[in-house]
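If you want the building blocks of each chain, they are given just below.
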Amino acid sequence: MHQPRNMNWKKYGQFILLLVLSVTNLFAQNPYPGSSADIYLRLKKLNVLGSVLYVAAHPDDENNGFLPYLAKERLYRTAYLSLTRGDGGQNLIGPEQSVELGMIRTQELLAARRIDGAEQYFSSAYEFGFSKNAKEALSIWDKEQVLSDMVWVIRKYQPDIMITRFPGDARAGHGHHWASALLANEAFKAAADPNRFPEQLKRGVKPWQAKRILWNGFNFGGVNTSSDMPLRLDVGGYDPLLGQSSGEIGGEARTMHKSQGEGRPRRKGEIVESFTTTGGDTAKNDIMDGIVTDWTRIEGGKEIGEMIAKIIANYRFDHPEKSVEALVEVYKKIDRLPYLTNNWLSLKRDEIKDIILDCSGISAEATTREEFVLQGDTANITCTVTKRTDIPAKWNAYAIDRTPFYSRQDLQNNKIYSVDLKQGVNEPAIGNATQPYWLQQPQKAGNFTISNPLLVGKAWNDPLFSVDFEFEVYGEYFTVRKPVQYKLVDPVRGELYQPFVMIPHLSFYMNPHVALLNVKREGEKRTVDSIYIHFKSNFTARNIPFSVYLMQDKVNPAFERKATDFEKGKTYTLAFPLKKYFSAGKGDDMEAALRIQLPGGKQLQFTQFFKAIEYDHIPNIHYGFKDRVHFIGEEVKTVGKKIGYINGAGDLIPEALQDMGYEVKRLEEKDITETALKEFDAIIIGIRAYNIYDWLSEKNDILNNYVQNGGNLISQYIKNNTTASGKRIKLGPYPFSISTGSRVTDETAAVRFILADHPVLNYPNKITAKDFDGWIQERSTYQADQADAHYEMPLSMNDPGEKESTGSLLTTKYGKGNFAYVSLVLFRQLPAGNAGAFRLLANLIALPKNQ
């Protein structure tokens, strides 16, 4: 195809470079222009050249009432740098943990940013769980790597000021919070030093010194740090153009943190934030003291500011298109300046370009009718353009993967123009296109491995494809980039845009995830007979050579067929007898590989399960992981058959119970009756269930009666002593409380058996120190405290330097049965395949009946 004569390919190349150096949210975009009031606010923002970088440790650490104040009231360029993605927390909306939870929380942060108007950045730090001090956090994180990440973001973003959420001391509460402040203050200085991380200077950034770094005080968690701070701002002002205050916007943004149960009210009225300067020039009257935040900070910018001010003064809310001609003149003025040497010029050039197109009523989108495209196949893409004003405009050209096409369309008012194009999907490695970039390499203990340094800081991968549209308005050319998205109409949610994703021909998972080889139920041995591979076909083909390799033997296929028929969307299952394919001497894990040969002779191998994570409040997430079967040869004795399970905040314990041979029934509110509970040997309550469901406290008498009549009731940890509605939790036959600060975060902490003869440590499995080897992330969380004298606490443990605590496990006899509160993190250890966790859970279920 010939290159369009009028498409400015020199600037097109510069445009691509700017995209590489910027971080934008590329998914779930609304392709339509904003309202007239929205355009007016963006015009006002066009005349503001100030920037703020807010720094903390986790998703939900950001001050959600303050960010919209900065971005939408003060109109500064605003960003939040979260050192981690929240991988180590708990999930209130589903079963995802670890990196899957980190992906959810990444997208929840992006959803919040779409509301409050800020940008989002990350470092490579992994959120490994609760940390009690900065020393521990910085010993697990690669401190120099995280510091380098932060310096890179600062040099690229070039903030006028930085603000930390937490202090660099114990008042921060969490070791990650504490460390984030220490690192931010160090990065504030290091970013300006050309001798620190000099390799970055070869990648298009330069040393940058922000004017100051401040600490934003707080009053929560029982700690008030803001009362004596010297600088105070009311950030709760009402904006009639938005129809709400920053506090209201912040409440809406905060509520996007749904996996953490962070729903918040939309706050009205005065909201006072307090600050103290921790580095640089001291702020006395305002956080931006001494900083020029208008066009006069740019050489030759004064006239541009005056031109924009005139456009704002003459803006017509009923006819935004009346501003287009004057805006084009401003664009030309900016475009004549060497914008690639100045962040502000390049940013403002893009801002005004988008405003011009929105004022002109021009919208453009690139969509597909299918969510997925097969690796090596062809994507069918529709490019659609609409202009809904009388502004004279042309759609000159479009380009995908730097291949230009031209359309030469004179755009008529309210007419729809569309073209279809086909794009080959020739990506050699599917992981590079689909897998989140920070998960593409093996992970270190405290950090993700990011092989491409230009990706550091980015919130998410770039889209699989983007289309560049070139328009001509009043003789000037404007190129805008739009991601190719899957467009659909959901019967309930209406029109939606989702990421367009490349998928492999085959995707598979293995079952069981954890294979218990030596389970004995009341003396009778039970073991796993077969390993199952369930694979889904994403293509249709006939007579395809197909083989399966179990990775304990990479040479000889465990299954082979010369001609196999595959049907798109169908899932197939293969069983492999354990005695034939597993040898304990060759390792404790089994992996698999699937191989096919396509027509034409090309061979492909697949080693991952391609998984989708879907929630309504965020875009769909897709990623691949290498599934495996973990074998446990240790003896696990069980007593009892039927378990009732009340779901909590998302865990995989029901699956673990089934692996142990129990029959599991999930219980809901309607099932909690004295008659219905009689059939169960034990009832297990999921993590944080009492914090989620008010009805559990209301059913406490029924549950206590179940125990009194001979049942065993096991409650996993609760986060605090109140329900979601603020009522006091009623749990157990005798009173006890939860200490939110009492936990053991060192997963290797010594466990002492202070009631060594207690049945929970002896029947049917003899629990020893070995059963606590190999635990992950932590020992216990939200331990019991101030327990009634009826309770027994058979274990004690503590983190280094702290006093001994006994609240990780408490039990009591009640009538003929037993009640147990378990803050030991079994919900993490069981999916990880820890044998001791299975043995301890079996003992809790089997606590002897009382006569």
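Whatever comes next refers back to the structure up there.
Quantities reported herein were computed from a predicted structural model and do not represent experimental measurements. (Residues numbered from 1 in each chain as written. Predicted model: local features only at pLDDT ≥ 70, side-chain atom pairs only at ≥ 80, totals over all residues. Heavy atoms only, no water.)

1. Some thoughts on the overall build of the protein
Part 1: From N to C terminus, the protein includes 20 helices and 46 strands.
Part 2: Relative to its length of 851 residues, the protein is compact, with a C-alpha radius of gyration of 30 Å against a globular reference of 29 Å.
Part 3: Once the C-alpha set of the protein is aligned to its principal axes, its extents read approximately 90 × 75 × 55 Å.
Part 4: A total of 851 residues make up the protein; the buried ones form 58% of that total.
Part 5: Considering only residue pairs separated by 6 or more positions, the protein has 74% of its internal contacts joining residues 24 or more positions apart.
Part 6: For the protein, the accessible area works out to roughly 35,300 Å², and carbon and sulfur atoms hold 47% of it.
Part 7: One finds the centroid of the 103 positive side-chain charges in the protein at a distance of 2 Å from the centroid of its 101 negative side-chain charges. (Helix = DSSP H or I, 4+ residues; strand = E, 2+ residues; numbered from the N terminus. Rg over C-alpha atoms; globule rule 2.2 N^0.38 Å. Buried < 20%, exposed > 50% of the residue type's maximum accessible area, 1.4 Å probe, protein only. Contact = heavy atoms within 4.5 Å. Areas by Shrake-Rupley, 256 points an atom, 1.4 Å probe, with all protein chains shown as cover. Lys, Arg positive; Asp, Glu negative; His and termini not counted. Charge placed at Lys NZ, Arg CZ, Asp CG, Glu CD.)

2. Notes on the pattern of salt bridges
Part 1: Summed over the entire model, instances satisfying the criterion amount to 41 salt bridges.
Part 2: For aspartate 60, the salt bridge is made with arginine 254, and the minimal N-O distance between the two is 4.0 Å. Residue aspartate 60 is found in the loop between β1 (51-56) and α3 (67-73), and its partner arginine 254 is found in helix α8 (residues 246-254); the two are separated by 194 residues along the sequence. Comparing aspartate 60 with arginine 254 shows no difference in burial state: the two are buried.
Part 3: Lysine 670 serves as the salt-bridge partner of aspartate 671, at 3.3 Å between the closest nitrogen and oxygen.
Part 4: Aspartate 671 sits in the buried class, given a relative accessible area of 13%.
Part 5: On the accessibility criterion, lysine 670 (63% relative accessible area) is exposed.
Part 6: Among the ionic contacts, a cluster of salt bridges with common partners joins Asp60, Arg254, Glu262 and Arg264. (Salt bridge = Lys/Arg side-chain N within 4 Å of Asp/Glu carboxyl O.)

3. Here's the deal with the sheet that holds strand β26 (residues 530-537)
Part 1: The strand order across the open sheet formed by three strands is β22-β26-β29, and the pairing between neighbours is antiparallel. Of all the strands in the sheet, the pair left with one neighbour each is β22 (506-511) and β29 (571-577). Neighbour-to-neighbour, the strand axes of this sheet turn through a mean angle of 20°, independent of strand direction.
Part 2: Note: β22 against β26, six bridges, orientation antiparallel. Residue asparagine 511 lies in a different strand from β26, and its bridge partner there is tyrosine 532. (Pairing = 2+ DSSP bridges. Axes fitted to C-alpha atoms, helices over the stretch in contact; angles between N-to-C directions.)

4. A short note on the packing of aromatic side chains
Part 1: For the structure shown, the criterion picks out 43 aromatic pairs.
Part 2: On the basis of an interplanar angle of 25° and a centroid distance of 4.4 Å, the ring pair of phenylalanine 218 and phenylalanine 220 is categorised as stacked.
Part 3: A residue is classified by how much of its surface remains accessible, and phenylalanine 218, at 4% relative accessible area, is buried.
Part 4: Here the aromatic rings of phenylalanine 535 and phenylalanine 566 are separated by 6.5 Å at their centres, their planes lie at 65°, and the arrangement is edge-to-face. Of this pair, phenylalanine 535 sits in strand β26 while phenylalanine 566 is found in strand β28 (residues 559-566), placing the two residues 31 residues apart along the sequence. The burial state of phenylalanine 535 is the same as that of phenylalanine 566; both residues are buried.
Part 5: Ring pairs connect the aromatic residues Phe535, Phe539, Phe546, Phe559, Phe566 and Tyr572, which therefore count as one cluster.
Part 6: Sitting over the face of the ring of phenylalanine 130, arginine 743 holds its NZ or CZ atom 4.0 Å from the ring centroid.
Part 7: The ring of tyrosine 782 carries the charged tip of arginine 743 above its face, separated from the ring centre by 4.8 Å. (Phe/Tyr/Trp six-rings, centres within 6.5 Å; stacked < 30°, edge-to-face > 60°. Lys NZ or Arg CZ within 6 Å of the ring centre and 35° of its normal.)

5. Here's the deal with the packing of helix α2 (residues 36-46) against helix α9 (residues 302-313)
Part 1: Between α2 and α9, the shortest axis-to-axis distance is 9 Å and the interhelical angle comes to 160°. What the angle tells us is that α2 and α9 run roughly antiparallel. Classified by chirality, the crossing of α9 by α2 is left-handed. From α2, Tyr40, Leu43, Lys44 and Leu46 reach across to α9, where they touch Ile308, Ile311 and Ile312. (Parallel < 35°, antiparallel > 145°, perpendicular 65-115°, else oblique. Left-handed = near helix turned anticlockwise from the far one by under 90°.)

6. Structural notes on the sheet that holds strand β24 (residues 519-521)
Part 1: Spatially, the three strands line up as an open sheet ordered β25-β24-β36, and their pairing is mixed. The outermost strands of the open sheet, each flanked by one partner alone, are β25 (524-526) and β36 (636-638). On average, each strand axis in the sheet is inclined to that of its neighbour by 30°, with strand direction left out of account.

7. Things to note about the packing of α2 against helix α11 (residues 343-359)
Part 1: Two numbers describe how α2 lies on α11: the axes approach to 10 Å, and their chain directions differ by 155°. The angle between α2 and α11 falls in the class roughly antiparallel. Two packed elements cross with a definite hand, and for α2 against α11 that hand is left-handed. Between α2, through Ile39, Arg42, Leu43, Lys45 and Leu46, and α11, the contact on the second element is made entirely by Lys348, Glu351, Ile352, Asp354, Ile355, Asp358 and Cys359.
Part 2: Considered class by class, the residues forming the contact of α2 with α11 number six nonpolar, no polar and six charged. (Nonpolar A, V, L, I, M, F, W, Y, C, P; charged D, E, K, R; others polar.)

8. With respect to helix α7 (residues 175-190)
Part 1: Taking 1.5 Å of rise per residue, 16 residues should cover 22 Å, and α7 covers 22 Å from first to last C-alpha, within 8% of that figure.
Part 2: Of the surrounding elements, those touching the buried residues of α7 are β1, α5 (134-140), α6 (143-157), β4 (161-164), β5 (212-216) and β11 (272-280). (Expected span 1.5 Å × (residues − 1).)

9. A closer look at the environment of arginine 264
Part 1: Structurally, arginine 264 is set in the loop between α8 and β11.
Part 2: Apart from residues no more than four positions distant in its own chain, arginine 264 is found in contact with Gly251, Arg254 and Thr255.
Part 3: Here the side chain of arginine 264 touches glutamate 262 through a polar contact of 2.7 Å, side chain to side chain. (Polar contact = N/O pair within 3.5 Å; in protein donor to acceptor, adjacent residues only side chain to side chain.)

10. Some remarks on helix α20 (residues 835-845)
Part 1: Of all 11 residues in α20, 11 are buried, a share of seventy percent or more.
Part 2: For α20, every residue scored as buried is listed here: Ala835, Gly836, Ala837, Phe838, Arg839, Leu840, Leu841, Ala842, Asn843, Leu844 and Ile845.
Part 3: For α20, the N-terminal capping position is held by asparagine 834, with its side-chain oxygen 3.0 Å away from the main-chain nitrogen of glycine 836.

11. Here's the deal with the environment of threonine 403
Part 1: One can find threonine 403 in strand β16 (residues 403-410).
Part 2: Of the residues examined, threonine 403 reaches a relative accessible area of 36% and is grouped as partly exposed.

12. Quick word on the side chain of threonine 434
Part 1: In this structure, threonine 434 sits in helix α12 (residues 430-434).
Part 2: Residue threonine 434 is classed as buried on the basis of its relative accessible area of 13%.
Part 3: Of the polar contacts made by the side chain of threonine 434, one reaches the backbone oxygen of methionine 502; its length is 2.8 Å.
Part 4: Look past the residues within four positions of threonine 434 in its chain and what remains in contact with it is Asn461, Val501, Met502, Phe610 and His622.

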